[in-house]
Amino acid sequence: MSRWTLALITVTGFTLAACGSSSTDTAAGAGESADGGVLTVVASFYPLQYAAEQVGGDAVAVTNLTKPGAEPHDLELKPQDVASVADADLVVYLSGFQPAVDEAVASEGGDRAFDVAPAARLDLTGVDEEHAEEEGDEEHAGEEAAGEEVTDPHFWLDPTRLADVGDALAEKLAAADPERADTFTANAAAFRQDLEALDTELAAGLGSCASNDIVTSHQAFGYLAQRYGMTQVGITGLSPEAEPDAATMAEVADFVIENKVATIYYETLVSPAVAETVAAETGAKTAVLDPIEGIGDESAAQDYLGVMRANLAALKAGQPCP
Ligand SMILES: [Zn+2]
């Protein structure tokens, strides 16, 4: 009996000590974040999360509203996501890309919301066929009618635009935490250096390809094509889930045959069925070209730079480029 009591006391004592030490750690961490230490940053999808992590470094804790492996275009927010927008020190988003985020930012974001669109210089347009199809749907009210052009949101596939967003993000973080302004500026400069090295690799790798026509299922590569002197031929438009009609499929198939296009690209987060159909009709191959709208188990690498280099390898093999 007494031996049991002693054992119990010993075990209990040990447990309390362990809990005590771990809760002390937690308290220190929480105290830091509550006292101008770590800024809480909510990013609306992966490339913005990546930029915030690179520029913010240890001074920020970044969460992503678009879960890994999910497709960001038609993101729906849960109440706790909207609450995280209300609680964040900074909300980084791209206006016009995710209607649910635009709405949450309008109601909860206040002056802590940072729209990267101006820094990203969104100057390309394309046809958003999915939203055209759903015209009249309440969720997409106010969007362009069928056949009209809308702004292309996929700026991050041009690394130099992502570098510009990084610089703007450093200014925004510095305003939120002036004591760390120099750190954010230095981090953004290092981020730019990485992105410019990638840009140099892409320019060199895609400089003399047999074909400069990139035929993709999801029309996400306009900014990449523009930067490296290529032309994008999209099968489904700016949103990846749209079902192209038979006439569009036939047009693309004719284009592929006439221009001796070797490869039809599809992406990791969406079914390859459309690309496979065109490939089967034309004798072209299919390959993955990742729009980096999320990083998941299917991704070729674990971060933006890695997946962009995988994209470069896919394009060099697919176009092909020497
Ligand atoms: Zn997209």
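A. Inspection of the overall build of the protein chain at higher detail. Helices and strands together make up the secondary structure of the protein chain, namely 12 helices and 10 strands. The buried share among the 322 residues of the protein chain stands at 40%. In the protein chain, once contacts between residues fewer than 6 apart in sequence are set aside, the share between residues at least 24 apart is 60%.

B. Region of the structure containing the nonpolar core. A52, V91, V92 and L169 are the most contacted members of the largest nonpolar core, which has 74 residues in total. Ranked by residues supplied to this core, first place goes to helix α7 (residues 159-176) with 7 residues. For this core, the two domains that each supply at least three residues are domain 1 (39-200) and domain 2 (208-318). Among residues more than four places away in sequence, those in contact with V92 are V41, A43, S44, L48, A52, F114, V116 and L169.

C. Highlighting the pairing of strand β7 (residues 213-216). Bridge count between β7 and strand β8 (residues 231-234): 4 bridges; the pairing is parallel. Each residue of the ladder has a partner; that of I214, found in β8, is Q232.

D. Inspection of the sheet that holds β8 at higher detail. Strands sit in the order β8-β7-β9-β10 across an open sheet of 4 strands; the sheet is parallel. Here the strands that pair on one side only, and so sit at the sheet edges, are β8 and β10 (285-288). For this sheet, the mean angle separating the axes of adjacent strands, direction not counted, is 35°. Pairing analysis gives 4 bridges linking strand β9 (residues 263-266) to β10, with the strands arranged parallel. Bridge assignment links Y266 to a residue of β10, and that residue is V288. Against the sheet, helix α11 (residues 273-282) makes contact with β9 and β10, and its axis sits at roughly 170° relative to β9, the strand it touches most. Each of β9 and β10 is contacted by helix α12 (residues 304-318), which is oriented at about 165° to β10, the strand it contacts most.

E. Highlighting the packing of helix α10 (residues 246-258) against α11. Two elements in contact, α10 and α11, have axes whose closest approach is 9 Å; the angle formed by their N-to-C orientations is 50°. If you check the angle between α10 and α11, you find them oblique. Handedness of the α10/α11 crossing: right-handed. Two secondary-structure elements touch here, α10 through M249, V252, A253, V256 and I257 and α11 through T277, V278, E281 and T282. When grouped by side-chain class, the residues that make up the contact of α10 with α11 number 6 nonpolar, 2 polar and 1 charged.

F. Highlighting the packing of helix α3 (residues 79-87) against helix α4 (residues 99-109). Running from N to C, α3 and α4 point in directions that differ by 45°, and their axes come no closer than 9 Å. For the element pair α3 / α4, the angle class is oblique. Considering only the axes of α3 and α4, their crossing is right-handed. Contact residues: α3 offers V82, V85 and A86, while α4 offers A104, V105, E108 and G109. Of the residues assigned to the contact of α3 with α4, the class counts are 5 nonpolar, 1 polar and 1 charged.

G. Structural detail: the confidence of the model for the protein chain. Taken residue by residue, the protein chain gives an average pLDDT of 84. The fraction at 70 or more is 82%. In this model residues 1-35 is a low-confidence stretch, pLDDT under 50, and it forms 4 contacts with partners more than four residues away in sequence or in other chains. Across residues 131-145, where pLDDT falls below 50, the model places 15 contacts with residues more than four positions away in sequence or in other chains.

H. Looking closely at the sheet that holds strand β1 (residues 39-43). Spatially, β2-β1-β3-β4 is the arrangement adopted by the 4 strands of the open sheet, whose pairing is parallel. The two strands at the open ends of the sheet, each matched to only one other strand, are β2 (60-64) and β4 (113-115). The mean angle between the axes of side-by-side strands here comes to 25°, regardless of whether they run parallel or antiparallel. With 3 bridges joining them, β1 and strand β3 (residues 90-93) adopt parallel strand pairing. Bridge pairing links V42 to V91 in β3. Sitting on the sheet, α4 is in contact with β3 and β4, with an inclination near 155° to β3. Running at roughly 165° to β3, α7 makes contact with β1, β3 and β4 of the sheet.

About the criteria used
Residues numbered from 1 in each chain as written. Predicted model: local features only at pLDDT ≥ 70, side-chain atom pairs only at ≥ 80, totals over all residues. Helix = DSSP H or I, 4+ residues; strand = E, 2+ residues; numbered from the N terminus. Buried ≥ 20, exposed ≤ 12 C-beta atoms within 10 Å, placed from the backbone. Contact = placed C-beta atoms within 7 Å. Core = buried A, V, L, I, M, F, W, Y, C linked by C-beta atoms within 7 Å. Domains from an automatic or database assignment. Pairing = 2+ DSSP bridges. Axes fitted to C-alpha atoms, helices over the stretch in contact; angles between N-to-C directions. Parallel < 35°, antiparallel > 145°, perpendicular 65-115°, else oblique. Left-handed = near helix turned anticlockwise from the far one by under 90°. Nonpolar A, V, L, I, M, F, W, Y, C, P; charged D, E, K, R; others polar. pLDDT = per-residue confidence, 0-100.

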